[in-house]
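# Remarks on the overall topology
Next come the chains, spelled out residue by residue.
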Amino acid sequence: MKSKNILLSLVAGAAFCACATQPAVKEEPSLKTVLGDKFLIGVSLNTRQSSGRDTASLNIVKRHFNSVVAENCMKCEVIHPEEDRYDFRQADEFVKFGEENGMFIIGHCLIWHSQLAPWFCVDKEGKEVSPEVLKQRMKEHISTIVTRYKGRVKGWDVVNEAILEDGSFRQSKFYEILGEEFIPLAFQFAHEADPEAELYYNDYNMSSEGKRNTVVRLVNEMKSKGLRVDAVGMQGHMGMDYPDMEQFEQSILAYASTGARVMITEWDMSALPTVNRTANISDTLAYRKALNPYPESLPDSVSEHWNARMEAYMNLFIKHADVISRVTAWGISDSDSWKNGFPIKGRKDYPLLFDRDYQPKPFVKELLEKK
Ligand code: G3I
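This text gives an overview of the structure that appears in the document. Note that the structure is predicted; figures quoted are calculated from it, not measured.

### Description of the site of the ligand
Of all residues adjacent to the ligand, which total 15 residues, the nearest are E71, K75, H108, E161 and E266. Separating an oxygen atom of the ligand from a side-chain N or O atom of K75 is a distance of 2.7 Å. In the environment of the ligand, an oxygen atom lies 2.7 Å from a nitrogen or oxygen atom belonging to the side chain of H108. In isolation the ligand offers 790 Å² of accessible surface; the protein chains occlude 54% of this area. Here the shell around the ligand is composed, by residue class, of 5 nonpolar, 6 polar and 4 charged.

### So, the packing of helix 12 (residues 300–319) against helix 13 (residues 362–369)
Orientation of helix 12 relative to helix 13, taken along the N-to-C sense of each, is 45°, at an axis distance of 8 Å. In terms of orientation, helix 12 lies oblique with respect to helix 13. Where helix 12 abuts helix 13, its residues W306, N307, M310, E311 and M314 lie against P362, F363, E366 and L367. Considered class by class, the residues forming the contact of helix 12 with helix 13 number 6 nonpolar, 1 polar and 2 charged.

### Here's the deal with the nonpolar core
Soluble globular proteins tend to pack their nonpolar side chains together in the buried interior. Of all hydrophobic cores here, the largest spans 105 residues; its most connected members are L31, M74, M138, W156, V159, W267 and F317. Counting 10 residues, the second-largest nonpolar core is a separate cluster that includes V69, Y200, A231 and M263.

### A look at the environment of A260
One can find A260 in the loop between helix 11 (245–256) and strand 8 (261–269). Residues A260 and R228 lie 32 residues apart in sequence; the distance between their C-alpha atoms is 9.4 Å. With residues up to four places along the chain from it excluded, the contact list for A260 reads V219, K223, V229, D230, A231, V232 and Y255.

### Describing the packing of helix 10 (residues 209–224) against helix 11
Two quantities define a packed helix pair, namely the angle between the axes and the distance from one axis to the other. Across the interface, helix 10 lies against helix 11 with an axial gap of 10 Å and an inter-helix angle of 10°. Comparing the axis directions of helix 10 and helix 11 gives the class roughly parallel. Every residue of helix 11 that contacts helix 10 at K211, R212, V215 and V216 is listed here: Q247, Q250, S251, A254 and Y255. Across the contact of helix 10 with helix 11, the residue classes break down as 4 nonpolar, 3 polar and 2 charged.

### As for the side chain of K75
Take K75: it is sitting in the loop between strand 2 (67–70) and helix 5 (76–79). Notably, K75 is buried but unbridged: the nearest opposite-charge side chain belongs to E71, and the N-O separation is 6.4 Å. At a separation of 3.0 Å, a polar atom in the side chain of K75 contacts the main-chain carbonyl oxygen of E71. For K75, the contacting residues outside a window of four places in its chain are H108, W112 and Q115.

### Considering the pattern of salt bridges
Once their charged atoms are close, side chains differing in charge can pair, the charge on each being opposite to the other. As enumerated under the stated definition, the model contains 19 salt bridges in all. We note a salt bridge from E221 to R217, for which the minimum N-O separation is 3.0 Å. Here R217 and E221 lie together in helix 10, a separation of 4 residues that amounts to about one turn. According to the relative accessible area criterion, E221 is partly exposed, its value standing at 31%. What makes R217 partly exposed here is its relative accessible area of 32%. The structure contains a network of salt bridges with shared partners spanning E128, K173 and E176.

The rules behind each value
Per-chain numbering applies: the sequence of each chain, read as written, is numbered from 1 onward. Per-residue local features of the predicted model are confined to residues with pLDDT of at least 70, and side-chain atom pairs are confined, for both listing and counting, to 80 or more; whole-chain, interface and lining totals are unaffected and use all residues. Values reported for side chains reflect all heavy atoms of the structure, with hydrogen atoms and water molecules removed beforehand. We call a residue near a given molecule or strand whenever any one of its heavy atoms falls within 4 Å of it. We define a polar contact as two N or O atoms separated by no more than 3.5 Å, with the added condition that, inside protein, one atom must be a possible hydrogen donor and the other a possible acceptor, whereas residues neighbouring each other in sequence contribute only through side-chain atom pairs. Residue-level accessible areas treat just the shown protein chains as cover; the underlying method is Shrake-Rupley with a 1.4 Å probe. Note on residue categories: nonpolar means Ala, Val, Leu, Ile, Met, Phe, Trp, Tyr, Cys or Pro, charged means Asp, Glu, Lys or Arg, and polar means any other residue, Gly included. Throughout, an axis means a line fitted to C-alpha atoms (over the contacting stretch in the case of helices), and angles, computed between N-to-C directions, take values from 0 to 180 degrees. Numbering of helices and strands starts at the N terminus; helices are DSSP runs of H or I of at least 4 residues and strands are runs of E of at least 2. Each angle gets one of four labels, with under 35 degrees taken as roughly parallel, over 145 as roughly antiparallel, 65 to 115 as roughly perpendicular, and the rest as oblique. Contact between two residues is taken to exist if any of their heavy atoms lie within 4.5 Å; hydrogens are not considered. Residues enter a nonpolar core if they are buried and are Ala, Val, Leu, Ile, Met, Phe, Trp, Tyr or Cys, with the set joined through side-chain atoms within 4.5 Å. The classification of residues rests on relative accessible area computed with a 1.4 Å probe and restricted to protein chains. Under 20% of the type maximum is buried, over 50% is exposed, and intermediate values are partly exposed. Positive residues here are Lys and Arg, negative ones are Asp and Glu, while His and the chain termini are left out of the count. Salt bridges, as used here, are contacts in which a Lys or Arg side-chain nitrogen is within 4 Å of a carboxyl oxygen on Asp or Glu.

Dropping the structure here:
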């Protein structure tokens with residue numbers, strides 16, 4: 001018995017020595033390790049990805065990101081297509097993926113004028129519903145969805161794109177029927193459904209001065225009423241010539257002055273000629289070949305300019321990491337991007353952090369080498 005113990009000790013000792021001499025397995029550098037001490041680094045998932053079918057993309061997500069947001073599967077027309085029917089199938093898959101991979105899960109979006117189920121603001125005769133009916137429908141929609149994912153979805157884009165660049169309110173059905181009140185009501189209903197969830201106002205072109213001033217006023221008013229507003233989402237849909245970085249930085253500071261955090265929620269940068277600066281999905285244009293100048297690949301000069309702008313914005317986000325709590329890209333690789341079809345269908349764009357071969361763009365490679 002004694003000799004057996006001696007033999008086991010010798011084997012264990014030899015194994016220990018072998019391990020001790022092996023070089024530690026070096027963890028592959030990733031965005032979440034490089035940026036993890038600054039802010040969450042997130043990405044939107046389409047349903048091919050959240051259902052597990054797009055494994056090449058998911059390998060990137062698991063390695064580089066610690067937050068995910070639903071690109072489309074939680075939008076009203078998808079998740080609540082009829083007044084008495086919800087379809088949680090795709091949203092359940094999305095949340096399950098997020099939980100299985102330890103992600104900070106974001107729900108997008110509870111109240112939005114676009115992709116709104118056609119029944120939401122009208123009665124059976126097609127006439128606009130009363131303010132009381134709309135309030136009840138908003139409460140039921142928000143409460144049903146937020147309650148289902150209570151404690152699992154950590155943050156919600158509660159209201160999306162309610163303000164125009166000049167600071168006026170978008171003339172959505174929500175605004176026409178309820179006025180400004182629909183916004184605080186949405187935040188109230190979401191908080192009642194999950195008091196622990198973070199709540200965000202989310203919009204594009206958030207460096208427009210008019211929009212900035214109205215959003216700051218709105219957030220200050222909601223917070224003064226005791227409503228929970230954790231962050232202002234600057235979507236960050238960019239082009240090669242907009243937004244102006246100084247204006248963008250001023251807006252980061254203005255939104256942070258409310259006491260809310262700032263999140264870059266849908267970051268991408270079109271490498272193509274700018275035809276309009278909106279992210280309002282209905283503002284589309286007809287195809288013209290001149291507006292799709294790089295159908296094969298991006299010229300080096302354009303790629304260098306694009307990478308330099310992206311690096312400059314990432315450096316701006318890092319500079320303000322004290323108030324920026326999340327940076328999320330709106331898609332994994334260039335082939336995923338909505339920008340291939342907006343504002344002009346059939347263009348080939350190069351707006352994201354990973355290319356069509358799932359390789360990191362040069363500015364990302366440089367970032368990864370810093371760690
Ligand atoms: O899933 C259907 C499919 O069944 C159908 O065959 C196909 C053709 O009609 O449409 C598919 O739905 C499309 C959906 O994307 C999923 O691919 C919708 O038509 C299309 O309108 C939708 O576009 C999305 C757009 O929002 C409108 O919801 C984009 O993918 C998405 O990237 C974009 O994201 C928005 C944010 O939610 C809010 N901020 C602006 C941003 C860009 O518009």
